[in-house]
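# Breakdown of the fold
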Amino acid sequence: MVVRIRLARFGCRDRPFYRVMTADSCSPRDGKHLEVLGYYNPLPGKDGGKRMGLKFDRVKYWLSVGAQPSDPVQRILVRAGILPPPMLAMAHKGGPRDRHPIDPMTGRPLDLGDLTIVDDPNTPGDDVGALNEEAA
């Protein structure tokens with residue numbers, strides 16, 4: 001049994017409201033679930049922000065025992081700070097991917113200009129190999 005953390009849709013037409021829940025991957029979207037972990041309201045409230053609430057300890061428990069979050073739930077968990085941001089950032093939606101690594105703590109691209117790369121000493125073309133050939 002593969003357990004997924006996913007959204008179940010509630011509310012009426014044009015006014016969706018979602019519950020974050022764990023369920024068997026074979027069960028339907030709004031079907032039988034194992035546990036309700038929180039809620040997500042994508043419609044802006046009076047303050048203009050989207051509302052969400054999660055039981056952090058239970059989400060961490062389900063992730064620790066191997067539950068796989070769906071893509072929308074993964075974005076919610078990244079926004080809540082439970083999961084690190086993805087390592088590749090997209091330049092814009094549907095466009096080519098930016099290949100710069102992302103810092104998991106800040107979500108900003110890493111500057112690789114300051115890093116020094118140590119070469120493998122066993123690669124051909126080393127100075128050490130040239131010195132050994134001269135000595136022979």
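All of these numbers come straight from a predicted model, not from anything done at the bench. (Residues numbered from 1 in each chain as written. Predicted model: local features only at pLDDT ≥ 70, side-chain atom pairs only at ≥ 80, totals over all residues. Heavy atoms only, no water.)

This structure, assessed with the given rule, holds 3 aromatic pairs. Ring plane angle 15 degrees and centroid distance 6.0 Å describe the contact between Phe17 and Tyr39, whose orientation is recorded as stacked. Residue Phe17 is found in strand 2 (residues 15-24), and its partner Tyr39 is found in strand 3 (residues 35-41); the two are separated by 22 residues along the sequence. Assessed through its relative accessible area of 30%, Phe17 is described here as partly exposed. Given a relative accessible area of 36%, Tyr39 falls into the partly exposed group. (Phe/Tyr/Trp six-rings, centres within 6.5 Å; stacked < 30°, edge-to-face > 60°. Helix = DSSP H or I, 4+ residues; strand = E, 2+ residues; numbered from the N terminus. Buried < 20%, exposed > 50% of the residue type's maximum accessible area, 1.4 Å probe, protein only.)

Across the sheet, 5 strands lie side by side as 4-3-2-1-5; this open sheet has mixed pairing. Each end of this open sheet is capped by a strand with a single partner; those strands are strand 4 (51-54) and strand 5 (68-69). For strand 3 and strand 4, the ladder comprises 4 bridges, and the chain directions are antiparallel. Bridging across to strand 4, Tyr39 finds its partner in Gly53. Contacts from helix 1 (residues 56-64) reach strand 1 (3-12), strand 2, strand 3, strand 4 and strand 5 within the one sheet, and its direction differs from that of strand 3 by about 120 degrees. Taken strand by strand, helix 2 (residues 71-80) contacts strand 1, strand 2, strand 3, strand 4 and strand 5, and its axis lies near 85 degrees from that of strand 4. (Pairing = 2+ DSSP bridges. Contact = heavy atoms within 4.5 Å. Axes fitted to C-alpha atoms, helices over the stretch in contact; angles between N-to-C directions.)

Its place among the elements puts Glu35 in strand 3. Owing to a relative accessible area of 18%, Glu35 belongs among the buried residues under this scheme. In this structure the side chain of Glu35 is engaged in a polar contact, spanning 2.9 Å, whose partner is the side chain of Arg58. A polar atom in the side chain of Glu35 sits 2.7 Å from the side chain of Trp62. (Polar contact = N/O pair within 3.5 Å; in protein donor to acceptor, adjacent residues only side chain to side chain.)

Where strand 1 meets strand 2, 10 bridges bridge the pair, whose relative direction is antiparallel. Pairing of Arg6 across the sheet is with Met21, part of strand 2. Counting the residues that bridge the hairpin from strand 1 to strand 2 gives 2 residues, and of these Asp14 lies at a positive phi of roughly 65 degrees. Across 2 bridges, strand 1 lies against strand 5 in parallel orientation. Note on strand 5: the bridge partner recorded for Ile5 is Pro69.

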